[in-house]
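What follows is each chain in one-letter form.
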Amino acid sequence: MSNFRFSNVVISDEVESAINEGRAVVALETTIVVHGLPAPINFEVARECEASVRKSGATPATIGVVDGRVVVGLGSDELESLAEPDRRAAKLSARDLGLALATGTDGATTVAGTITIAHRVGIEVMATGGLGGVHRDAARSFDESADLTTLARTPVLVVASGVKSILDIAATLERLDSLGVPVVGFATRQFPGFYRRDSGFTLDWAVASAEEAAAAFLAHREFSPTGFLVANPVASESELDQRLHDAALDSALEKAQREGVSGKAVTPALLAEFARHTAGVSVQVNRDLVVANAALAGEIAMSLAHAQR
Ligand code: PSU
Ligand code: MN
């Protein structure tokens, strides 16, 4: 480990040399591990995502805040300690990073937090399960994930299986449009709905390969400072059954409303109720999609590195 440009950011030797040599690197978030998935499958998912990135030839950089420092390239021991329930790691979006560092607060980073750090250290690609978005009651609650506004000002390509069906998908797509963030389907024109391949919304653009995604991102960056969303649907054989999905969704939304869940707790609470209602099937789907997204992100990062050599 060495200090990197800035005393509050520590980058692993492996990730630092990959960045310095212009090799492919994929940032991975930690909120999905600490707040999104139950133990012990969360650690398996973290390891499988790293393995998927490596298999494509790229270097994984799992990001979190530990002992008052941002760590880029968390080791598995650090990740396990970050996820220990006693540690009560915070959920860190972009706006929380400075405060977490200044107060010595440990935390897992969301997509917004992760891409902010990735861009700071020169990583151009990130993988997650589902991007945060506009919540269904946003007209009243104003609950729109900072993932959207952060992606609008951070030139990082994010691979996600669309957004979670717990959200208002139409409103989320409208906001991405207003914010100038391109949304491109990977081998599909249908916007994915996380647990399901098709959210019912059609996209204007699709790419057929990792090379095409990388080329589009490079061309986009010549004209615009925003990030870029590659929407990769879950594999057909992994999709959650439609009826089970719809019943779990009703139950999750109803429970969150009844219990008055708000703020940062909303997404983890909805995902947990999905898991309970589907007896863990939704967790398997989440696992499959995020591991596949890590693999695709690795391939896109390889193409980007190749194109910029
Ligand atoms: N993808 C998953 N599980 C998750 C998330 C993404 O498969 O838990 C997390 C990401 O960290 C994303 C966050 O940034 O959910 C969105 O949270 P919010 O709606 O509070 O912004
Ligand atoms: Mn929110």
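Quick notes on the rules
Residues numbered from 1 in each chain as written. Chains lettered and ligands numbered in written order. Predicted model: local features only at pLDDT ≥ 70, side-chain atom pairs only at ≥ 80, totals over all residues. Heavy atoms only, no water. Near = heavy atom within 4 Å. Polar contact = N/O pair within 3.5 Å; in protein donor to acceptor, adjacent residues only side chain to side chain. Areas by Shrake-Rupley, 256 points an atom, 1.4 Å probe, with all protein chains shown as cover. 1 Å grid on protein atoms, 1.4 Å probe; cavity = no way out; pocket = protein on both sides within 12 Å on 5 of 7 lines; lining within 4 Å. Sits in = over half its atoms within 2 Å of the grid points. Helix = DSSP H or I, 4+ residues; strand = E, 2+ residues; numbered from the N terminus. Nonpolar A, V, L, I, M, F, W, Y, C, P; charged D, E, K, R; others polar. Points joined across faces, edges and corners; volume = space filled by probe spheres on them. Buried < 20%, exposed > 50% of the residue type's maximum accessible area, 1.4 Å probe, protein only.

Looking now at the site of ligand 1. Taken together, 18 residues lie around ligand 1, and Glu 29, Lys 91, Ser 145, Asp 147 and Thr 267 are the ones closest in. Lys 91 places a polar side-chain atom, nitrogen or oxygen, 2.7 Å from an oxygen atom of ligand 1. Out of a free accessible area of 480 Å², ligand 1 has 94% covered by protein chains. Judged by the fraction of its atoms near the pocket grid, ligand 1 is located in the largest pocket. Those elements that provide at least two residues to the shell around ligand 1 are helix H2 (31-36) and helix H12 (266-277). For the shell around ligand 1, the leading source of residues is H2, giving 3 residues. For the shell around ligand 1, the class distribution of residues is 4 nonpolar, 10 polar and 4 charged.

As a further point, take the layout of surface pockets. The volume enclosed by the largest pocket comes to roughly 590 Å³. In terms of lining residues, the largest pocket is bounded by 33 residues, among which Lys 91, Thr 110, Ser 145, Asp 147 and Thr 267 are the most central. Taken together, the elements giving at least two residues each to the lining of the largest pocket come down to H2, helix H8 (146-153) and H12. Residue classes in the lining of the largest pocket are distributed as 9 nonpolar, 15 polar and 9 charged. Size it by volume and the second largest pocket reaches roughly 390 Å³. Forming the walls of the second largest pocket are 17 residues, and the residues nearest its centre are Asp 137, Arg 140, Ala 256, Gln 257 and Val 261. Going through the elements one at a time, helix H7 (138-141), helix H11 (242-259) and H12 are the ones with two or more residues in the lining of the second largest pocket. Per element, the largest residue contribution to the lining of the second largest pocket is 4 residues, and it comes from H11. When grouped by side-chain class, the residues that make up the lining of the second largest pocket number 6 nonpolar, 6 polar and 5 charged.

Moving on: empty space enclosed by the protein. Taken as a whole and assessed by the stated rule, the structure comprises 1 cavity of 30 Å³ or more. Considered as a void within the structure, the largest cavity measures approximately 100 Å³ in volume. If you trace the largest cavity, you find 14 residues lining it, with Leu 28, Glu 29, Ile 32, Val 33 and Cys 49 closest to the centre. Among the secondary structure elements, those contributing two or more residues to the lining of the largest cavity are H2 and helix H3 (41-55). With 4 residues, H3 is the largest single contributor of residues to the lining of the largest cavity. Within the lining of the largest cavity, the residues separate by chemical class into 9 nonpolar, 3 polar and 2 charged.

Structurally, Glu 254 is set in helix H11. Accessibility expressed as a relative area gives 42% for Glu 254, which makes it partly exposed. Sequence spacing of Glu 254 and Thr 278 is 24 residues, and the spatial spacing of their C-alpha atoms is 15 Å.

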